[in-house]
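Below, each chain spelled out in residue letters.
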Amino acid sequence: MSDTLLILGASGQIGNELTQKLREIYGNKNVIASDIREGNEEMMNSGPFELIDATNKVQILKVIKKYNITQVYLLAAMLSATAEQYPQKAWNLNMNSLLAVLGLAKEKHIQQIYWPSSIAVFGATTPKENTPQNTIMEPSTVYGISKLAGEFWCNYYHDKYGVDVRSLRYPGIISWKSKPGGGTTDYAVDIYFKALKEEKYTCFLSENTRLPMMYMDDAVDATIQLMQAKSSQVKVRTGYNLAAMSFTPKEIATQIKKHIPDFEISYQPDFRQQIADSWPQSIDDSKAREDWNWQHQFDLASMTKDIILNLKKHQ
Ligand code: SER
């Protein structure tokens, strides 16, 4: 039997681009997009779409049965900065959606799950450079707590019930087609839009705040590669460390200046600085590279060139 995929949270930053790529690979009609709000025109017109609240197991099961879904990609989540404003709501969304989908796999309604984790699982006591796969994890944000708990729920359902659930600890994801919302790494997306429009940007993190980041193309490839790997290759059932590049606001500004010489950056750190300061600066992802041959394509220079080219073309 061929695979039929359900994407929960398809209208978000990653969901949007991942859905389009999966539709290219699996065929439009075999990739069902869903969210609590409608997606953009491309998503709504290129294949099936269902309105689903990702925390509602009954609603999810109805759609699973309607389309004979075999795999669920659960991308609905509240990100780090917004979650600090709405801690209880964030916990409910991030946890209840995961437990609903894990339950559906345990009950054999679906065969495979993808669920993203994040560098937010780490905290101030974690080694900051080349953060290992297995290390101290004491997250200080609600988002990080939910991702760490979620990782261990995934591992538990895998060990206890044989659920095939796979997860990546995404760094900050940078894209130009779809914008993130409510994350601490969002500045690295906003900066490109502002650079093109106004040639200046005020950054909410300080100039030397180094964080792990990744271009959307690489994040989408990693996700699909992990999901297509043989089950025996997927040895980590919490979340895989995943990396491509690390940079500071000052360094991204320097790269942008190469294309937009008049670009100027200023700094006004807010509450997100504290979140960023608790996260690693760089990640050791050798386990992902060994287990299922992960390789990234983009670094800061090639990503900046690609984004500016595309934004110029499409705006
Ligand atoms: N990009 C996310 C955030 O900033 C990290 O997973 O919240």
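Before going into details, it helps to say that this report is about the structure given with it. On a predicted model such as this, the values are computed, not experimentally measured, just so you know.

Okay, the overall build of the protein next. Helix and strand counts for the protein stand at twelve helices and 14 strands. Against the compact-globule benchmark of 20 Å for 315 residues, the protein has a radius of gyration of 19 Å, which places it among compact chains. A principal-axis box enclosing the C-alpha atoms of the protein has dimensions of 55 × 45 × 40 Å. Within the protein, buried positions represent 57% of all 315 residues. Summarising the internal contacts of the protein: among those between residues at least 6 apart in sequence, 77% fall at separations of at least 24. For the protein, the computed accessible surface area is about 13700 Å², with 47% contributed by carbon and sulfur atoms. Charged side chains of the protein number 34 positive and 35 negative; the gap between the two group centres comes to 5 Å.

A separate point is the site of the ligand. Residues in close proximity to the ligand include Leu79, Ser80, Ser118, Tyr143, Gly183, Thr184, Thr185 and Trp279, which together make up its full environment. Within the side chain of Ser80, a nitrogen or oxygen atom sits 2.6 Å from an oxygen atom of the ligand. Separating a nitrogen atom of the ligand from a side-chain N or O atom of Thr185 is a distance of 2.8 Å. For the ligand, whose unbound accessible area comes to 240 Å², protein coverage reaches 94%. The residue makeup of the shell around the ligand, split by class, is three nonpolar, five polar and no charged.

As a further point, take the pattern of salt bridges. Counted according to the given criterion, the structure contains ten salt bridges. Between Asp221 and Lys21 there is a salt bridge whose closest N-O contact spans 3.2 Å. You can see Asp221 sitting in helix α8 (residues 216-228) and its partner Lys21 sitting in helix α1 (residues 13-26), a full 200 residues away along the chain. Of the residues examined, Lys21 reaches a relative accessible area of 29% and is grouped as partly exposed. With a closest N to O distance of 2.9 Å, Lys57 and Glu107 form a salt bridge. Remark: Glu107 occurs in the loop between α5 (87-106) and β5 (112-114) and Lys57 occurs in helix α3 (residues 57-67); sequence separation between them is 50 residues. Judged by its relative accessible area of 41%, Glu107 is partly exposed. Salt bridges here are not isolated pairs; linked through shared partners, they connect Asp164, Arg166 and Arg237.

If you check the backbone angles, Asn68 has positive phi at about 55° while not being a glycine. Topologically, Asn68 is positioned in the loop between α3 and β4 (71-74). With a phi close to 60°, Asn293 is a non-glycine residue in the positive phi region. Inspection of the secondary structure assignment puts Asn293 in the loop between α11 (286-292) and α12 (300-314). By relative accessible area, which is 52% here, Asn293 ends up exposed.

Moving on: the side chain of Gln133. Considering the arrangement of structural elements, one finds Gln133 in the loop between β6 (117-118) and α6 (142-161). Of note is the side chain of Gln133, whose polar atom sits 2.8 Å from the backbone oxygen of Gly239. Apart from the residues within four sequence positions on either side, Gln133 is in contact with Arg169, Val236, Thr238, Gly239, Tyr240, Asn241, Asp284 and Lys287.

Here we take up the sheet that holds strand β8 (residues 168-170). Reading across from one edge, β6-β8-β12 is the order of the three strands in this open sheet, with parallel pairing throughout. Of all the strands in the sheet, just β6 and β12 (240-241) have a single pairing partner and so form its edges. On the sheet, α8 packs against β8 and β12 and is oriented at approximately 175° with respect to β8.

Quick look at the sheet that holds strand β7 (residues 164-166) now. Strands sit in the order β3-β2-β1-β4-β5-β7 across an open sheet of six strands; the sheet is parallel. Each end of this open sheet is capped by a strand with a single partner; those strands are β3 (49-51) and β7. Neighbour to neighbour, the strand axes of the sheet diverge by 20° on average, direction disregarded. Judged from the three bridges that link them, β4 and β5 form a sheet pairing that is parallel.

Judged by nonpolar contacts, the single largest core of 45 residues is most densely connected at Ile174, Tyr187, Tyr192, Phe247, Ile252, Ile256 and Met303. Sorting the residues of this core by element identifies α6, α7 (187-198), β10 (200-203), β11 (211-215), β13 (245-247), α9 (249-259), α10 (272-277) and α12 as the ones contributing at least two each. Of all the elements, α7 adds the most residues to this core, at seven residues. Counting 34 residues, the second largest nonpolar core, distinct from the first, contains Val31, Ala33, Tyr73 and Ala222.

Analysis parameters
Residues numbered from 1 in each chain as written. Predicted model: local features only at pLDDT ≥ 70, side-chain atom pairs only at ≥ 80, totals over all residues. Heavy atoms only, no water. Helix = DSSP H or I, 4+ residues; strand = E, 2+ residues; numbered from the N terminus. Rg over C-alpha atoms; globule rule 2.2 N^0.38 Å. Buried < 20%, exposed > 50% of the residue type's maximum accessible area, 1.4 Å probe, protein only. Contact = heavy atoms within 4.5 Å. Areas by Shrake-Rupley, 256 points an atom, 1.4 Å probe, with all protein chains shown as cover. Lys, Arg positive; Asp, Glu negative; His and termini not counted. Charge placed at Lys NZ, Arg CZ, Asp CG, Glu CD. Near = heavy atom within 4 Å. Polar contact = N/O pair within 3.5 Å; in protein donor to acceptor, adjacent residues only side chain to side chain. Nonpolar A, V, L, I, M, F, W, Y, C, P; charged D, E, K, R; others polar. Salt bridge = Lys/Arg side-chain N within 4 Å of Asp/Glu carboxyl O. Pairing = 2+ DSSP bridges. Axes fitted to C-alpha atoms, helices over the stretch in contact; angles between N-to-C directions. Core = buried A, V, L, I, M, F, W, Y, C linked by side-chain atoms within 4.5 Å.

No statement about biological role is implied by the geometric values presented.
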